[in-house]
Amino acid sequence: MSEKKTHKQKFSEWFYGENDPFVAAMPVQEQKEHQVDEKTLQEYEKERAERHEKVFDIAHNGKIRAFRRSYRVLGVMMCLLMISILLLAVSYLPRTGNPANPDNNEVSRVYIENGLQDTGAVNVVAGMILSYRAFDTFGETNVLFIATCCVMILLMLDEKALHTSGLSNDRFYEPKNDWILQKIAKILVPIIFVFGIYVMLNGHISPGGGFSGGAILGAGMILYVNAFGFKKTQKFFNETVYKVIKVGALCIYGVLITYFFFMGANGLNNHIPLGIPGHILSAGLILPIDVLVGLEVACTMYAFYALFRRGGL
Amino acid sequence: MDFLMYILLGFLVVCAVAVSISKNLLNSILIFMSYSLIMSIIWIRLESPDLAITEAAVGAGVTTVLFFVTLKKLHTMKEQEEEKEAGADQAGGEKHE
């Protein structure tokens, strides 16, 4: 019985952690530190120097000289060719702002004429990207999420290494925060935060929206970290908060947009009041989606910086 | 106002060429930042302020900062780094000046 297990049993064993298929199945050897002999190192260095002299002896090596000259000429020629091709392509483009251009077709006309009525957003661009084409924006938000995940996989240190190793401590030579930077940040950071929130919340009324507002918020947070250090920032923004915001915003966005499209999207009865155009609480789903996208983008910006800087949030 | 636009576009080309020609990485990052700044002004001139805000925040702000952090990690800001190391040696382990 124990010799032959069904796939189901095997799976359940693996799933509940009773049996790891890789334990004792693979030979595991302890790693030894690589040691370099002094002699071999010298020999290697010598060989390398000889080879280097031989190859880069430009006065006697005709091939290298010819290669270098032709490389320069060919490089310049390739550049000129690319520039001329691109300029030629540009010269065939229609003039900007011409009403007879092919991009002024019925699609954009419908968006501009019916946008206010369908989406309730005064800002046509917000109505387009967050209501007509909300799934596109959902895809973009997913791209941001996946990008941060990849950066985390590559650069994130585990908890122990973050606190013990000197690798993450890049402030060894400058342990004190800059006084001028702190004073200026004290004045600027609240203004930047308020401006970012304003841009985020007014996405459907004025130019801006989730992405711009989130980018401003993220930039403000980077300034704050630079001025006051990671310890102070972790009081209000640590890894748990980051995870909750990042995953929660994406999930809520997905649920909202799925509901919106299942109920018939624009122009049909979807139980979402459009409100009076021009008010803050109007334009249906655009306002919450703006806020969610903004949070996502702000988290992305800050996480990129923190991961690049010290390998942890 | 077309004149201003031509000046800005000229600056754009100058910046783009200067980024690739400059030998010092720090300088080329700063030039790249000014490129983004000029680009954001051009976006405003083309009547798309939302793109201008994004360009200023992402292009001139966050990207530049990420470049700086990467340069610091790679120890490419050589002159400054050496100065600091010399200063640290002189201080003899004292952290505060």
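Residues numbered from 1 in each chain as written. Chains lettered and ligands numbered in written order. Predicted model: local features only at pLDDT ≥ 70, side-chain atom pairs only at ≥ 80, totals over all residues.

## Things to note about the overall build of chain B
Rules: A run of DSSP states H or I qualifies as a helix once it reaches four residues; a run of E qualifies as a strand once it reaches two. Both are numbered from the N-terminal end. In this scheme the burial state of a residue depends on its C-beta neighbours within 10 Å: 20 or more other such atoms mean buried, 12 or fewer mean exposed, and anything in between means partly exposed; the C-beta positions come from the backbone. We call two residues in contact if the C-beta atoms placed from their backbones are at most 7 Å apart.
Helix and strand counts for chain B come out as four helices and zero strands. Going residue by residue from the N terminus, the α and β elements of chain B occur as α-α-α-α. Every one of the 97 residues in chain B was classed for burial, and the buried ones make up 16%. Across chain B, contacts joining residues at least 24 apart in sequence account for 37% of those joining residues at least 6 apart.

## Considerations on helix 11 (residues 286-310) of chain A
Residues and elements named next belong to chain A. Here is the rule: To estimate the expected span of a helix, count its residues, drop one, and scale the result by 1.5 Å.
Over its 25 residues, helix 11 extends 36 Å from the first C-alpha to the last, a length consistent with the 36 Å expected when each residue adds 1.5 Å. Among the 25 residues of helix 11, 22 are classified as buried, and the element is accordingly described as predominantly covered. Within two residues after helix 11, glycine 311 carries a phi angle of roughly 75°, on the positive side.

## Describing the confidence of the model for chain B
All names here are of chain B. Rule in force here: Per residue, pLDDT captures the predictor's confidence, and it can take any value from 0 to 100.
A residue-level look at chain B finds 76% of positions with pLDDT of 70 or above and a mean pLDDT of 79. The lowest-confidence element of chain B is helix 4 (residues 78-91), averaging 54 in pLDDT; the highest-confidence one is helix 2 (residues 25-45), averaging 90. This stretch, residues 90-97, has a pLDDT under 50; its non-local contacts, to residues over four places away or in other chains, come to one contact. Under the prediction, the complex receives an ipTM of 0.72, its pTM being 0.70.

## Section: the nonpolar core
Soluble globular proteins tend to bury their nonpolar side chains together. Selection rule: A set of buried residues qualifies as a nonpolar core if it consists of Ala, Val, Leu, Ile, Met, Phe, Trp, Tyr and Cys joined through C-beta atoms within 7 Å.
Of all hydrophobic cores here, the largest spans 53 residues; its most connected members are A:Ala215, A:Ile222, A:Ile286, A:Ile289, A:Ala298, A:Met301 and A:Tyr302. Those elements that provide at least two residues to this core are helix 5 (124-132), helix 6 (134-155), helix 8 (179-201), helix 9 (210-236), helix 10 (239-262) and helix 11 of chain A together with helix 2 and helix 3 (49-73) of chain B. Setting aside residues no more than four positions away along its own chain, A:Tyr302 makes contact with A:Gly218, A:Met221 and A:Ile222.

## Comments concerning the packing of helix 1 (residues 2-21) of chain B against helix 2 of chain B
All names here are of chain B. Spelled out, the test is: Geometry is summarised by axes, namely lines fitted to C-alpha atoms with helices restricted to the contacting stretch, and by angles between N-to-C directions that run from 0 to 180 degrees. What sets the label is the angle itself: under 35 degrees gives roughly parallel, over 145 gives roughly antiparallel, 65 to 115 gives roughly perpendicular, and the rest give oblique. In this scheme the crossing of two helices becomes right-handed for a clockwise turn of the near helix relative to the far one and left-handed for an anticlockwise turn of less than a right angle. Ten residues, namely Ala, Val, Leu, Ile, Met, Phe, Trp, Tyr, Cys and Pro, are considered nonpolar, four, namely Asp, Glu, Lys and Arg, are considered charged, and the remaining ones, Gly among them, are considered polar.
The interhelical angle for the contact between helix 1 and helix 2, taken along N-to-C directions, is 155°, at an axis separation of 9 Å. Taken together, the axes of helix 1 and helix 2 are roughly antiparallel relative to one another. Every pair of crossing elements has a handedness; the one defined by helix 1 and helix 2 is left-handed. Residues Met5, Leu8, Phe11, Leu12, Cys15, Ala16, Ala18 and Val19 of helix 1 form the contact with helix 2, whose participating residues are Ser28, Ile31, Phe32, Ser34, Tyr35, Ile38, Met39, Ile41, Ile42 and Arg45. Its residues assigned to classes, the contact of helix 1 with helix 2 comprises 15 nonpolar, two polar and one charged.

## Some thoughts on the packing of helix 6 of chain A against helix 11 of chain A
Residues and elements named next belong to chain A. For the pair helix 6 and helix 11, interaxial distance at closest approach is 10 Å and the crossing angle is 20°. Considered as vectors, helix 6 and helix 11 are oriented roughly parallel to each other. For the element pair helix 6 and helix 11, the recorded crossing hand is left-handed. Note on element contacts: helix 11 touches helix 6 through Ile289, Val293, Glu296, Val297, Thr300, Ala303, Phe304, Leu307 and Phe308, opposite Ala134, Thr137, Thr141, Leu144, Thr148, Val151, Met152 and Leu155. When its residues are assigned to classes, the contact of helix 6 with helix 11 shows twelve nonpolar, four polar and one charged.

## Notes on the interface of chain A and chain B
Contacts between the two partners involve 20 residues from chain A and, on the opposite side, 16 residues from chain B. Looking at the side of chain A that touches chain B, the elements with two or more residues in it are helix 9 and helix 11 of chain A. Residue contributions to the side of chain A that touches chain B peak at seven residues, all from helix 9 of chain A.

## Points about the environment of A:Ser91
Within the secondary structure layout, A:Ser91 lies in helix 3 (residues 62-92). Taking the C-alpha atoms as reference, A:Ser91 lies 43 Å from A:Pro288; in sequence the two are 197 residues apart.

## A closer look at the environment of A:Gln42
Residue and element names in this part refer to chain A. If you trace the backbone, glutamine 42 turns up in helix 2 (residues 38-55). With 10 C-beta atoms packed within 10 Å, glutamine 42 lands in the exposed category. Taking the C-alpha atoms as reference points, glutamine 42 and lysine 246, separated by 204 residues in sequence, lie 53 Å from one another.

## What about the confidence of the model for chain A?
Confidence in the prediction for chain A averages 80 pLDDT; 88% of positions are at 70 or higher. Considering each helix and strand of chain A separately, the mean pLDDT is smallest for helix 7 (residues 159-164) of chain A, with a value of 68, and largest for helix 3 of chain A, with 90.

## Quick notes on unusual backbone geometry
For B:Glu47, which is not glycine, the phi dihedral falls at a positive 65°. Locating B:Glu47 in the fold gives a position in the loop between helix 2 and helix 3.

## Here's the deal with helix 10 of chain A
Each α-helix turn comprises 3.6 residues. Residues three or four places apart therefore point the same way. Residues and elements named next belong to chain A. The end-to-end C-alpha distance of helix 10 is 34 Å, a good match for the 34 Å that 24 residues give at a rise of 1.5 Å each. Taken as a whole, helix 10 has its buried residues at Ala249, Tyr253 and Ile257. Buried-residue contacts for helix 10 involve helix 6 and helix 11.

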